Amino acid sequence: MRVEPFSLRLSTPLSTAHGTIDARDGFVVRVEVDGTRGVGEASPLPGWTESLDDCADALERAQRTGCDGWDAALADLDDAPAARHGLALALADARSRAADVPFYRYLGGDSTDRVPVNATIGDGSVEETVAEARQAVEAGFTTLKVKVGTRAVDADLERLRAVRAAVGADIALRADANAAWDASEARRALPELADLDLAYLEQPLSSTDLAGHSDLRGDVPIALDESLAEHSVAAVVEAGAADRVVLKPMVLGGPDRAREAALAAREAGLDAVLSTTIDGALARAGAVHVAASLPDPPAAGLATADRLATDLIPDPAPVDDGHADVPQGAGNAPDPAEG
Ligand SMILES: O=C(O)CCC(=O)c1ccccc1C(=O)O
Ligand SMILES: [Mg+2]
């Protein structure tokens, strides 16, 4: 197992209620499984995963335990989801390459060309938000996700009203509060969000507050994202806390874990929306493959390539007309070293 650091800058930073994401640093992870090489990506995002230093330490540890077999190395990375993602994706890449099938087929998915994706619209003024929404619809997106929670609730409602007025009734509109609201703010927003026919409200309350989210459910579907970093799908289902789950492989510890969570969610009647933490191209491709491995996936949060000033490889899953192309070569995506 070899580990190589990288640093990517965002040309279009994403403003969220957690703060602004303007760079993504991480590690390319390479393995060889029975003579077949595989490449993965570990891109920690503090607040969501372990820190960059902890990720580096964990990968170093896994390099040592890797001698006892890959399962031992993976087990050693339980407390470092981004590091585990890097290794799990590299192993999956090698194994699907050895089987000579694209990763989504290796996962059991039926043959498919593309998956629907949402446009991601960061915090901004009413005018900026509307301009981005219009641009996205012109580019062919039929689902928009707008970040809220940085401003007062009334200001966010004004932004969403303006977007709805600009794009019309046929566009699916999502809002992501990134845990910024308390229960009274969320309660105040919900009737208006219902009037705006919001497709779902993502993570209004703190990640630990499953009961609070359960109380909010009603006319507006509630999706949980941050909560899945701490709680299993089973716990979310048990608490009746969500109508949808948002799954980020980098946060859950790997594409294998994300697919397991998606299957568990679907089993319980919850749609699973794949997304990333604005990852590099290898992890983004992995998330596209996981989405593509599911029958009829809802629009995924995977239209983020354009935000990166540079990337690990040319975009393996380019977005066009509101869909991401599903890579059809064997494995996950090409190794950056192979050009
Ligand atoms: O899901 C999307 O549309 C894009 C990704 C996204 O919003 C995001 C990106 C980085 C960190 C957190 C989040 C989030 O979904 O909350
Ligand atoms: Mg979110």
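Residues numbered from 1 in each chain as written. Chains lettered and ligands numbered in written order. Predicted model: local features only at pLDDT ≥ 70, side-chain atom pairs only at ≥ 80, totals over all residues. Heavy atoms only, no water.

Caption draft 1: Quick look at the UniProt feature "active site" (unreviewed entry) in the chain. According to UniProt, the "active site" (unreviewed entry) feature falls on Lys147 and Lys248. Summarising the element assignment, lysine 147 is placed in strand β6 (residues 143-147). By relative accessible area, lysine 147 is classed as buried at 6%. Not counting chain neighbours up to four residues away, the residues in contact with lysine 147 comprise Leu14, Ser15, Thr16, Ile121, Gly122, Asp123, Arg159, Asp176 and Asn178. Position of lysine 248 among the secondary structure elements: in the loop between β10 (244-247) and α11 (249-252). (UniProt positions renumbered as here; feature names shortened; annotations may be inferred. Helix = DSSP H or I, 4+ residues; strand = E, 2+ residues; numbered from the N terminus. Buried < 20%, exposed > 50% of the residue type's maximum accessible area, 1.4 Å probe, protein only. Contact = heavy atoms within 4.5 Å.)

Caption draft 2: Main features of the sheet that holds strand β13 (residues 323-325). Pairing in this open sheet of 3 strands is antiparallel, and the strands run β4-β13-β12 from one edge to the other. Each end of this open sheet is capped by a strand with a single partner; those strands are β4 (114-116) and β12 (319-320). Across 3 bridges, the pairing between β4 and β13 is antiparallel. Across the sheet, residue proline 116 finds its bridge partner in β13, namely histidine 323. (Pairing = 2+ DSSP bridges.)

Caption draft 3: Just the coordination of the magnesium ion (ligand 2), in detail. The coordination sphere of the magnesium ion (ligand 2) contains the protein donors Asp176 (OD), Glu202 (OE) and Asp225 (OD), at a distance range of 2.0 to 2.3 Å. All donors of the magnesium ion (ligand 2) belong to a single chain; written as a sequence motif, their spacing is D-x25-E-x22-D. In this pair, aspartate 176 is assigned in strand β7 (residues 172-176) and glutamate 202 in strand β8 (residues 200-202), connecting sequence segments 26 residues apart. This pair shows no difference in class: aspartate 176 is buried, exactly as glutamate 202 is. (Donors = N, O, S within 2.8 Å, 3.2 Å for Na, K, Ca; no water.)

Caption draft 4: Representation of the site of ligand 1 within the structure. Around ligand 1, a shell composed of 18 residues is seen, among which Thr120, Lys145, Asn178, Lys248 and Ser275 lie nearest. Between ligand 1 and glutamate 202 there is a distance of 3.4 Å, counted from an oxygen atom to a side-chain nitrogen or oxygen. The contact in question runs from an oxygen atom of ligand 1 to an N or O atom on the side chain of serine 275, over 2.8 Å. The protein chains hide 98% of the 380 Å² of surface that ligand 1 would expose on its own. Of the residues in the shell around ligand 1, the class split is 4 nonpolar, 8 polar and 6 charged. (Near = heavy atom within 4 Å. Polar contact = N/O pair within 3.5 Å; in protein donor to acceptor, adjacent residues only side chain to side chain. Areas by Shrake-Rupley, 256 points an atom, 1.4 Å probe, with all protein chains shown as cover. Nonpolar A, V, L, I, M, F, W, Y, C, P; charged D, E, K, R; others polar.)

Caption draft 5: Local environment of the sheet that holds strand β3 (residues 36-42). The strand order across the open sheet formed by 3 strands is β1-β2-β3, and the pairing between neighbours is antiparallel. The open sheet has two edge strands with one neighbour each: β1 (2-16) and β3. On average, each strand axis in the sheet is inclined to that of its neighbour by 20 degrees, with strand direction left out of account. In this fold helix α1 (residues 52-65) packs onto β1, β2 (19-33) and β3, with an angle of close to 5 degrees to the strand it touches most, β2. Lying over the sheet, helix α13 (residues 281-292) contacts β2 and β3, oriented at roughly 100 degrees with respect to β3. (Axes fitted to C-alpha atoms, helices over the stretch in contact; angles between N-to-C directions.)

Caption draft 6: Region of interest: the packing of helix α3 (residues 81-98) against helix α12 (residues 255-267). As a packed pair, α3 and α12 sit with axes 8 Å apart at the nearest point and diverge in direction by 90 degrees. If you check the angle between α3 and α12, you find them roughly perpendicular. Of α12, the residues touching α3 (which contributes Arg84, His85, Ala88 and Leu89) are Pro255, Asp256 and Arg257. Across the contact of α3 with α12, the residue classes tally to 3 nonpolar, 1 polar and 3 charged. (Parallel < 35°, antiparallel > 145°, perpendicular 65-115°, else oblique.)

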